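# Inside the fold
These are the residues of each chain, in order.
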Amino acid sequence: MQHLQSQLIHFFGLFQNVFLFRIHRVAFLRRILCCYYKIICEKATYYYNISHSKDYVAIVTSENPIGIDIEKTRKIPNYLINYLNNDKEKSYIYQNKYNIYNRFFEIFTLKESYLKMKRNTIFNIKKVILKISNNKLQLNYDKYYYLIKHLNDKYILAICEKK
């Protein structure tokens, strides 16, 4: 476990308390979430957030409010892409026809990690404004650290933490 944690620290840099588990069964997912919920809740000085998607569970802890989201990239209907994103975001998404779904999930995971950090709901996703410059996504707010990582060709993870 120590080796895995040092790899994750190297991979995520600033965010040193990221735990990533690969799972194969929903029952195992429930056990992981219950164990970490108990461990993290005993340390009242920490904030934590949990996300899961298909084969992975991601957990992050911090001394500051923090959110995490992991998503398996997959094909989704265009009407959903158009509904959830503003014009600048849609332009970024459709700019590369071979990367449409990766780009959509980059935006989606960053917005969802921000909303989870703010303890808000997914229903407010359209209210989160991203800045896109030089083909890079940025939160339009200076009070937060954020990160988007492609774990492999199938998963995207985003973390947002209050400075």
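Numbers given to residues run from 1 along each chain, matching the order in which its sequence is written. Only residues with pLDDT of 70 or above have their local features reported here, since the model is predicted, and side-chain atom pairs are shown and tallied only from 80 upward, although totals for entire chains, interfaces and linings are computed over all residues. Computation of side-chain values: all heavy atoms of the structure, hydrogens and water removed.

## Some points on the overall build of the protein
A tally of regular secondary structure across the protein gives five helices and eight strands. In DSSP terms, a helix is any run of H or I states spanning at least four residues, a strand is any run of E spanning at least two, and both are numbered starting from the N terminus. Starting at the N terminus, the α and β elements of the protein follow one another as α-β-α-β-β-β-α-α-α-β-β-β-β. As displayed, the protein offers around 9900 Å² of accessible surface, 51% of which is attributable to carbon and sulfur atoms. Here the open area of atoms and residues is found with the Shrake-Rupley method and a 1.4 Å probe, where only the protein chains shown may cover a residue.

## Points about the pattern of salt bridges
Each reported salt bridge corresponds to a side-chain nitrogen of Lys or Arg within 4 Å of a carboxyl oxygen of Asp or Glu. What the rule picks out here adds up to three salt bridges. With a shortest N-O distance of 3.7 Å, E71 and R74 are connected by a salt bridge. Only protein chains enter the calculation, and the probe is 1.4 Å; a residue is then buried if its accessible area is under 20% of its type maximum, exposed if over 50%, and partly exposed in between. You can call R74 partly exposed: its relative accessible area is 38%. Measuring nitrogen to oxygen at the nearest pair gives 3.5 Å for the salt bridge that ties K90 to D87. Linking K90 with D87, this pair stays in helix α4 (residues 87-94), spanning three residues, or about one helical turn. Classification of D87 as exposed rests on a relative accessible area of 61%.

## A short note on the packing of α4 against helix α5 (residues 100-117)
Put simply, α4 and α5 touch, their axes get as near as 7 Å, and they point 140 degrees apart. Put simply, α4 runs oblique to α5. When α4 is examined against α5, the residues E89, Y92, I93 and Y94 are found in contact with a partner set consisting of I100, R103, F104, E106, I107 and K111. Three classes are used, and their members are as follows: Ala, Val, Leu, Ile, Met, Phe, Trp, Tyr, Cys and Pro are nonpolar, Asp, Glu, Lys and Arg are charged, and the others, Gly among them, are polar. Of the residues belonging to the contact of α4 with α5, the class tally is six nonpolar, no polar and four charged. Fitting a line to C-alpha atoms yields each axis, with helices limited to the stretch in contact; the angle taken between N-to-C directions then spans 0 to 180 degrees. In what follows, roughly perpendicular refers to angles from 65 to 115 degrees, roughly parallel to angles under 35, roughly antiparallel to angles over 145, and oblique to any angle outside these ranges. Whether two residues touch is decided by their heavy atoms; if any such pair falls within 4.5 Å, the residues are in contact.

## Observations regarding the nonpolar core
Working definition of a nonpolar core: buried Ala, Val, Leu, Ile, Met, Phe, Trp, Tyr and Cys residues. They are joined through side-chain atoms within 4.5 Å. Residues I93, F104, Y114 and L139 are the most contacted members of the largest nonpolar core, which totals 23 residues. Looking at this core, the elements with two or more residues in it are α3 (78-84), α4, α5, β6 (136-139) and β8 (155-162). Looking at this core element by element, the count peaks at nine residues for α5. In this structure, F104 is in contact with I76, I81, L84, N85 and I93, ignoring residues within four places of it in sequence. In this structure, I66, I70, L157 and I159 belong to the second largest nonpolar core, which totals 10 residues.

## Some points on the packing of aromatic side chains
Aromatic rings from Phe, Tyr and Trp, taking only the six-membered ring of Trp, are treated as a pair when their centres fall within 6.5 Å; an angle between ring planes under 30 degrees marks them as stacked, one over 60 as edge-to-face, and anything in between as tilted. All told, the structure shown has five aromatic pairs when counted by the stated rule. Ring centres of Y56 and Y155 lie 4.7 Å apart, and the angle between their planes is 75 degrees; on these two criteria the pair is classed as edge-to-face. Of this pair, Y56 sits in strand β3 (residues 56-62) while Y155 sits in strand β8; the two residues are 99 residues apart in sequence, bridging distant segments of the chain. For the residue pair Y56 and Y155, the accessibility class agrees, reading buried in each case. Summarising the aromatic geometry, the rings of F104 and F105 are spaced 5.0 Å apart at their centres and angled 80 degrees between planes, so their arrangement reads as edge-to-face. Of the residues examined, F105 reaches a relative accessible area of 2% and is grouped as buried. Taken together through their ring pairs, the aromatic side chains of F104, F105 and F108 make up a single cluster. By definition, being over a ring means that NZ of Lys or CZ of Arg is both within 6 Å of the ring centre and within 35 degrees of the ring normal. Of note, R103 hangs over the ring of Y92, and the distance from its end group to the ring centre comes to 4.3 Å.

Geometric descriptors of this kind do not, in isolation, establish any biological role.
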